[in-house]
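An overview of the molecular structure
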Amino acid sequence: MPKICFLFCLLLPQFAHTQSLDRYTGDLRVDLEKRQISVTWEIQFSDLAAADTLHFYVQEAAFDFSLQSGQKDVPFEITEQKFIGEDKSIFIPTADLSDRKFTLSYQNSLDSIRNPNFKFRPNWTELNIYTAWFPLNIDYGLFTYELDVKTAGTVAGSGVLQAKNDTFSLVQNIPVFDIPLIIFKNKNSVTTADGSVEICYTDLSPAVRDTIKTTAEKYFNDYSEMFGSPDTGKLVLAVNTFDRNISFARKGFISLSLDSIFTPQKAETLAHEIAHLWWNAAEVGTWEDWLNEGSAEYASMLILREEQGEESYENAVKNLEKRSEGLPPIENIDKRNPQSNTVLTYKGALLLVRLEQKIGTEKMQSVLRKFYLAEEKTTAAFLRILENTAGEELSREFLVSLQE
Ligand SMILES: [Zn+2]
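1. A word on the domain arrangement of the protein chain
With domains assigned, the protein chain is organised as domain 1 (20-183), domain 2 (189-264) and domain 3 (287-403). For domain 2 versus domain 3, the distance between C-alpha centres works out to 24 Å. Counting residues at the interface gives 12 residues for domain 2, matched by 11 residues for domain 3. Taking both sides of the interface into account, the surface hidden between domain 2 and domain 3 amounts to around 1,000 Å²; carbon and sulfur atoms contribute 56%. Of all residues in domain 2, Tyr-223, Met-226 and Phe-227 give up the largest surface area on contact with domain 3, accounting jointly for 56% of the area buried on that side. Run the count over domain 2 and domain 3 and you get 1 salt bridge. Glu-306 is the partner of Lys-218 in a salt bridge, and the nearest nitrogen-oxygen pair spans 3.1 Å. Counting across the interface, domain 2 meets domain 3 through 6 residue pairs in polar contact (both at pLDDT 80 or more). Here the residues of the side of domain 2 that touches domain 3 are counted per class, giving 5 nonpolar, 3 polar and 4 charged.

2. What about the packing of aromatic side chains?
Per the counting criterion, the structure on display carries 29 aromatic pairs. Taken together, a centroid distance of 6.4 Å and an interplanar angle of 55° make the contact between Phe-65 and Phe-76 tilted. Here the residue Phe-65 occupies a position in strand 4 (residues 63-69), and Phe-76 occupies one in the loop between strand 5 (72-73) and strand 6 (77-79), the gap between them amounting to 11 residues. Phe-65 sits in the buried class, given a relative accessible area of 16%. Judged by relative accessible area, Phe-76 falls into the partly exposed class, the value being 33%.

Rules used throughout
Residues numbered from 1 in each chain as written. Predicted model: local features only at pLDDT ≥ 70, side-chain atom pairs only at ≥ 80, totals over all residues. Heavy atoms only, no water. Domains from an automatic or database assignment. Contact = heavy atoms within 4.5 Å. Buried area = accessible area lost by both parts, 1.4 Å probe. Salt bridge = Lys/Arg side-chain N within 4 Å of Asp/Glu carboxyl O. Polar contact = N/O pair within 3.5 Å; in protein donor to acceptor, adjacent residues only side chain to side chain. Nonpolar A, V, L, I, M, F, W, Y, C, P; charged D, E, K, R; others polar. Phe/Tyr/Trp six-rings, centres within 6.5 Å; stacked < 30°, edge-to-face > 60°. Helix = DSSP H or I, 4+ residues; strand = E, 2+ residues; numbered from the N terminus. Buried < 20%, exposed > 50% of the residue type's maximum accessible area, 1.4 Å probe, protein only.

As structure tokens, then:
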């Protein structure tokens, strides 16, 4: 089984506020020599409802804060309240905001990142939600972003990237919950012949690089055939050799960790992560996340079956059964339950395997394809499509399987 690679595996608050984010417009300066960043964000809300205070989490070591709205300074309060673990809170009164937006700037030392998975390395500076590098509060919903990065290095990230001299512009117009990017001092990259996948890396051997390139291209095309073309266009696949405990996928972007070789287990992780280009629309903060994790894991097993045959697939199914034994139901599982990721990923995949046994491969792929292409994101929609494809009884049975 692949190493853990969940879309989002932090503790999540239960209830959403009514305020909603619209867009982050950022200006990031990265000094790789001084190992320091300075950043200015303009954060626009579409709705502030009746909230009198906004609450964001920022890196705990960030300093030199400045906050304005409509050209005026806005008072703010910083407390030690944490969400990620290496963050702190900033509280902003909404009464002082004009046009539902504000500008927040701060600096930070890259050496202050404590998360061992994302510690600063001179040739691989990785910024994302796990380190709270941008002001975040997932209660405020999804957002789009536009980020200018000024650096002597080069950038890879989620979104459309354009480079001009020493400034990179990264624009993400699909609503998301994270702003992930990597700054390389010296970036190597290869793109597949069909242009579907760009692999960025620092120190892969030519043989490993070529294997990853062939494999990623194959998986990308296999899934495109199964589920339709992905809405994110090209995939940027950033590969490191730190052998850390996490690989993850965002819109059109994967950060994959290996040691120096590309093992079959890593190929499974890659198959799971690439599947997230299709399986990422359901809410990550609730049990509906089974649609992301269960479907990505199930899709990776289809690749395994195709590549290694029925016997390997059957063994993988047995593995899923073993992992799912005695686990609580998927429906309504609390994301704070320590078993939730296992339930949503492996039990979710197992239910899809069993569903395929009942309705056949053709109908199964038709259900998944329709779900993806209709941009659906809920279990209710999944059940409706299943009912239309395979009948009311099977849809009802599947719902029961989510409840037991
Ligand atoms: Zn996943």
